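Read off the chains here:
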Amino acid sequence: MTILALETSCDETAIAILRDRRLLASEVASQIAAHEKYGGVVPEVASRNHLVHAPALLKRATQSAGIALSEVDAFAATSGPGLASSLMIGASMAKGLALGFGRPYLAINHLEGHLLSPFFGDAEVKPNVSLIVSGGHTMTVLVRAVGQYEIVGRTVDDAAGEAFDKVAKLLGLGYPGGPEIEKRAQGGDPDRFDFPRSMLDSENFSFSGLKTAVRYLLPKIGLAIPSRGDGEGPHIRSLDQQGTKRDRSFYEGSLSSARDDSVVSDLCASFQQAVVDVLVRKTIDAARKHRVGLVTVSGGVSCNQELRKGLEKACAKAKLEFKTAEPSLCTDNAAMIAFAAMLKMEAGFVSSVTEEIDPNLALVKL
Ligand code: KG4
Ligand code: ZN
């Protein structure tokens, strides 16, 4: 079975072709440069860029896979959650291809794509507790089988990736913030600043207090912030470009001395450790409570080496198996959407081409 999938839920345009369990092509066009100057993703810019990139990616994907579109057995696209105007581009293309070639269309939940990605290429999906950590979501999910999911805990405010992005913005680092903070944290002292580990007695997560703690700390350690530098930019998705630009140049100027570099390094390491501690603790607790032998992690934040190491160590200690995908499958990509579509098709699932995109699509329908 050959599946072609499109992923356009946010600011990455991605197309992949999967034949049986083998990835024939996976193309991703990043829009980071187009959005960086705004300090976050601007929906109109994202959808226009999807329109520009998608036809060229489709050509590249079929060429590198060495197949013709007529050889594809089903066309899939992310149908939510995500930005409405971005989701529509990928879904419309997949529906058009499905109609044109007389093949089935599959609407795939972006979160299900992430959740299944640690099993990429595997024959079966074992029961597990899955930690999904991305820019828009943070949740633990009890996975009994493909399509059988129960939410254990979710964030009540910011997502983990959102916290990385907002703190990076407070520090005047680039977007997306996760990789920037991870880079700065290397060699930093994770015990230098005592940041809060929120809601440890709950199954849910909260990261906005942590971001606020960073904001209040900055003036105390001599890294004063201007009034607009509240870290709210990347996820507001507004067109307020001027303030954002001014904030960045302010920080770039203010964080130039060697002393500042070492303070920022310690701050990033301490912040990162606080996020990792909470994610690891709640994931292990969920696995114990639900008596599963396997823990998985997915989503952009799972590229973070400290998080991977933390989970690996804690799982070994708790005698749990640990599984994650390679980093290129953790950030947004279409290979995970193609893989989820393949598992769903094998289970007899197809969608109607009249199915609408849903920006708030839930992983588990109530
Ligand atoms: O899954 P993803 O690519 O897109 C969403 O579905 O949101 O996740 C993007 C998020 C961003 O917030 C980004 O800062 C974060 O993943 N991220 C990281 C790292 N790489 C990406 N966070 C921490 N450490 C990283 N190395
Ligand atoms: Zn994602």
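Further up the page is the structure itself.
Each value, and the rule that gives it
Residues numbered from 1 in each chain as written. Chains lettered and ligands numbered in written order. Predicted model: local features only at pLDDT ≥ 70, side-chain atom pairs only at ≥ 80, totals over all residues. Heavy atoms only, no water. Near = heavy atom within 4 Å. Polar contact = N/O pair within 3.5 Å; in protein donor to acceptor, adjacent residues only side chain to side chain. Areas by Shrake-Rupley, 256 points an atom, 1.4 Å probe, with all protein chains shown as cover. Salt bridge = Lys/Arg side-chain N within 4 Å of Asp/Glu carboxyl O. Helix = DSSP H or I, 4+ residues; strand = E, 2+ residues; numbered from the N terminus. Buried < 20%, exposed > 50% of the residue type's maximum accessible area, 1.4 Å probe, protein only. Pairing = 2+ DSSP bridges. Axes fitted to C-alpha atoms, helices over the stretch in contact; angles between N-to-C directions. Contact = heavy atoms within 4.5 Å.

**Let's talk about the site of ligand 1**
Around ligand 1, 21 residues are found, and the nearest of them are Gly135, Asp165, Gly178, Glu182 and Gly300. In this structure, Glu182 approaches ligand 1 through a side-chain N or O atom, which is 2.7 Å from a nitrogen atom. Contact distances for ligand 1 include 3.1 Å between a nitrogen atom and a side-chain N or O atom of Asn304. Compared with its free state, where it exposes 550 Å², ligand 1 has 88% of that area covered by protein.

**Description of the pattern of salt bridges**
In this structure the tally under the stated criterion is 17 salt bridges. The partner of Lys211 in a salt bridge is Asp158, and the shortest N-O contact between them spans 3.8 Å. Of this pair, Lys211 sits in helix H7 (residues 208-220) while Asp158 sits in the loop between strand S8 (148-154) and helix H5 (160-170), and the two are 53 residues apart along the sequence. No difference in accessibility class separates Lys211 from Asp158, as the two residues are buried. Connected via shared salt-bridge partners are Asp158, Glu162, Lys166 and Lys211.

**Points about the sheet that holds strand S3 (residues 22-30)**
Strand order in this open sheet of five strands is S3-S2-S1-S4-S5, and the pairing throughout is mixed. Two strands lie at the open edges of the sheet, namely S3 and strand S5 (105-109), each paired on one side alone. Ignoring which end each strand starts from, the neighbouring axes of this sheet average 20 degrees apart. As paired elements, strand S1 (residues 2-7) and strand S2 (residues 12-19) share six bridges and run antiparallel to each other. Bridge pairing in S2 links Leu4 to Ile17. Here helix H3 (residues 84-101) sits on the sheet and contacts S1, strand S4 (74-80) and S5; the angle it forms with S4, its principal contact strand, is near 155 degrees. Sheet contacts for helix H13 (residues 335-346): S1, S2, S3, S4 and S5; angle to S1, the most-contacted strand, approximately 130 degrees.

**Considering unusual backbone geometry**
The omega angle of the peptide bond from Gly80 to Pro81 is -10 degrees, so this bond is cis rather than trans. As for its placement among the helices and strands, Pro81 is situated in the loop between S4 and H3. Residue Tyr175 is joined to Pro176 through a cis peptide bond whose omega torsion reads -5 degrees. By the secondary structure assignment, Pro176 is in the loop between H5 and helix H6 (177-185). Positive phi, close to 50 degrees, is recorded for Met199, a residue that is not glycine. Looking at where Met199 falls in the secondary structure, it is placed in the loop between H6 and H7. One non-glycine residue, Arg291, adopts positive backbone phi at about 55 degrees.

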